[in-house]
Amino acid sequence: MSSTAQPVEPTNRWRDILAGLSIAGLLLPEAVAYSTIAALTPQAGVIALFAGLLCYGLFGTSRFAIVSATSSSAAVLAATTATMANGDPQLRATLAVGLVLVTGGLFLLAGIFRFGSVTSFIAKPVLRGFAFGLALTIILKQVASVVGVHLTDANLVRFAPQLLEQLPQWNWPAAAVAAVALLLLSLFSRFPRIPGGLLVVVIGIVAGQWLNLPAHGVKLIGLIDLSLEVPNLPVLPFADWLRLGEVGFALVMILYAESYGSISAFALKHGDRVTSNRDLLALGASNLLSGLFHGMPAGAGYSATSANEAAGATSRWAGGVAALVVLVIVLTVLPWIALTPEPILAAIVIHALARGLSLHPLGRYFVWRRDRLLVMCAVGAVLVLGILDGLLVSVAISVLLMLKQMSAADIQVLGRIDGGHDFVDLQRHPTATVEPGVLIVRPSEALFFANVERILGAALHLIRHSEAPVHTVILSLEETPDLDGTSIEAMQEFFLRVHQEGKRLILARLKQKALVALEALPEVTNNRVILSGLSVDGAVQQALKPDASL
């Protein structure tokens with residue numbers, strides 16, 4: 001998808017204002033709630049919310065996307081800082097700032113180098129499996145937090161039994177507060193224009209003071225201090241920056257897969273056009289700004305984006321209105337928000353993640369008999385290894401899957417179908433006919449460092465063992481938009497070998513970037529290679545000219 005979102009008509013401004021008012025009631029409680037997942041102060045989520053709404057509103061292209069703190073990034077941040085800080089709270093806060101800044105920097109680099117076209121960073125089965133395992137883990141951890149159970153293990157397999165073993169010591173008043181909040185959230189969710197999250201918070205504050213919930217062991221979230229610190233870079237050892245870079249790379253892949261999934265889904269639904277590279281830059285700016293002011297990672301979560309669309313938003317103005325409403329709330333009633341019972345925040349998190357526990361998105365892979373192992377591996381990685389290691393394993397699975405798919409490419413021999421201008425794979429279409437004296441080959445996937453030598457080697461084998469005499473070889477590179485260094489080196493050797501076999505070589509269907517890279521090679525002229533953007537049929541006509549044969 002390219003271009004930008006459609007312009008907003010003045011008649012839709014009121015719809016955006018109403019949508020902004022509605023989603024503000026969802027965004028503020030969720031931002032504070034996700035701060036608890038990240039083990040940061042409540043203001044960290046609020047800062048990420050402002051940074052995301054501001055930067056994406058200015059630079060983004062989707063009219064529905066809401067960029068704010070997300071549950072997945074909060075959980076990864078908490079797991080990373082807990083692992084690296086070894087119990088030092090000051091170091092943990094510093095590491096959190098570093099991870100958010102690294103994430104923002106990687107997003108910016110991806111946008112600058114125009115990686116937006118590579119939208120499928122993570123296979124959908126892996127992403128959905130990871131999301132399911134993550135949702136289950138976070139929900140159970142929120143339950144443990146509500147009932148006052150201290151968990152000593154990082155994975156679900158071990159801490160689930162701990163939760164049940166301590167059942168007699170559970171904080172039942174806090175559990176009751178969370179249960180009532182969940183019931184109210186479910187009720188309010190039936191009315192998209194009602195700010196259910198904010199209403200539940202208000203009800204919780206009133207009930208907490210009326211019933212004196214702190215006297216019954218129900219904790220309050222406490223003071224939210226939004227006094228912004230002077231932006232500065234955290235001072236960390238180089239080894240810590242390397243570790244943050246490793247986790248940041250994985251976090252960018254998860255956040256962008258989640259964000260672009262939300263952005264593209266609603267763009268397709270409404271016929272909008274978005275620019276992925278601009279969105280990468282907008283996400284980078286959001287995370288950098290959030291990190292500079294000690295906020296959380298930010299992405300376009302599906303729940304907030306879908307709530308914005310359901311509330312009737314027509315442009316990014318809705319996000320701007322939501323930011324203004326949240327600012328007014330923060331400036332006027334912030335001390336009251338500090339009186340929110342913690343179980344209310346846990347209920348907001350559980351309600352937001354409940355849709356992630358649906359088995360339908362996972363079950364379809366079993367119905368299709370495709371990618372079942374990937375789903376189970378992704379779910380198992382999170383549940384057994386914990387959130388951080390589960391994330392890294394899930395990303396590794398996707399990368400290995402992509403490399404396996406691309407490196408398994410084969411070479412196809414093409415023939416003319418039905419005497420027309422189309423050329424097809426002879427193995428799949430036995431009735432296609434070969435051109436006398438011309439061997440036409442095509443890689444089934446794009447050439448890159450992992451498959452180029454094997455594919456070109458297979459092409460040379462076909463040339464040397466052709467049953468019919470061949471004077472010209474046509475290599476169709478329609479699947480290859482560009483060539484990396486390894487591919488260019490392999491092409492140099494291929495040009496020389498084909499020339500030594502006494503054959504003319506024509507490269508057809510060359511994309512512009514690949515054409516420019518190959519034109520600069522002296523082996524092209526020395527070995528009489530013809531570079532062309534022509535169709536295969538055009539290359540065949542050129543090969544059959546009298547002066548084209550050797």
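Rules used throughout
Residues numbered from 1 in each chain as written. Predicted model: local features only at pLDDT ≥ 70, side-chain atom pairs only at ≥ 80, totals over all residues. Heavy atoms only, no water. Axes fitted to C-alpha atoms, helices over the stretch in contact; angles between N-to-C directions. Helix = DSSP H or I, 4+ residues; strand = E, 2+ residues; numbered from the N terminus. Parallel < 35°, antiparallel > 145°, perpendicular 65-115°, else oblique. Contact = heavy atoms within 4.5 Å. Nonpolar A, V, L, I, M, F, W, Y, C, P; charged D, E, K, R; others polar. Patch = residues over 30% accessible without salt bridge, like charges linked within 9 Å, V, L, I, M, F, W, Y side chains within 5 Å. Areas by Shrake-Rupley, 256 points an atom, 1.4 Å probe, with all protein chains shown as cover. Salt bridge = Lys/Arg side-chain N within 4 Å of Asp/Glu carboxyl O. Expected span 1.5 Å × (residues − 1). Bend = angle between axes of the 7 residues up to and from the residue. Buried < 20%, exposed > 50% of the residue type's maximum accessible area, 1.4 Å probe, protein only. Domains from an automatic or database assignment. Phe/Tyr/Trp six-rings, centres within 6.5 Å; stacked < 30°, edge-to-face > 60°.

### Quick notes on the packing of helix 1 (residues 13-37) against helix 13 (residues 342-353)
Consideration 1: Across the interface, helix 1 lies against helix 13 with an axial gap of 9 Å and an inter-helix angle of 95°. When the axis of helix 1 is compared with that of helix 13, the two are roughly perpendicular. Between helix 1 and helix 13, the residues in contact are Pro29, Glu30, Val32, Ala33, Tyr34, Thr36 and Ile37 and Leu345, Ile348, Val349 and Ala352, respectively.
Consideration 2: Here the residues of the contact of helix 1 with helix 13 are counted per class, giving nine nonpolar, one polar and one charged.

### Re a nonpolar patch on the surface
Consideration 1: On the surface, a cluster of nonpolar side chains totalling about 490 Å² of accessible area is made up of Leu109, Ile112, Phe113, Phe115 and Leu281.
Consideration 2: Mapping Phe113 onto the fold places it in the loop between helix 4 (89-112) and helix 5 (124-147).

### As for helix 1
Consideration 1: End to end, helix 1 covers 35 Å across 25 residues, agreeing with the expected 36 Å (1.5 Å per residue, within 8%).
Consideration 2: The largest bend in helix 1 comes to about 30°, at Ile23.
Consideration 3: Among the residues trailing helix 1, Ala39 stands out with phi positive, at a value near 60°.

### With respect to the environment of Gln542
Consideration 1: Inspection of the secondary structure assignment puts Gln542 in helix 21 (residues 536-543).
Consideration 2: Since its relative accessible area comes to 22%, Gln542 is described here as partly exposed.
Consideration 3: Note: C-alpha distance between Gln542 and Ala175 (367 residues apart in sequence) is 78 Å.

### Some details on the domain arrangement of the protein
Consideration 1: Taken as a whole, the protein is organised into domain 1 (13-403) and domain 2 (409-544).
Consideration 2: Computed from C-alpha coordinates alone, the two centres of domain 1 and domain 2 are separated by 49 Å.

### Structural notes on the packing of aromatic side chains
Consideration 1: A complete count under the given rule lists eight aromatic pairs for this structure.
Consideration 2: Between Trp170 and Trp172, the aromatic rings sit 5.3 Å apart at their centres with planes inclined by 40°, giving tilted as the arrangement.
Consideration 3: For Trp170, a relative accessible area of 17% translates into the label buried.
Consideration 4: On the basis of relative accessible area, Trp172 is assigned to the partly exposed category, the value being 47%.
Consideration 5: An aromatic cluster is defined as three or more aromatic residues linked by ring pairs; in this entry it consists of Phe64, Phe266 and Tyr302.

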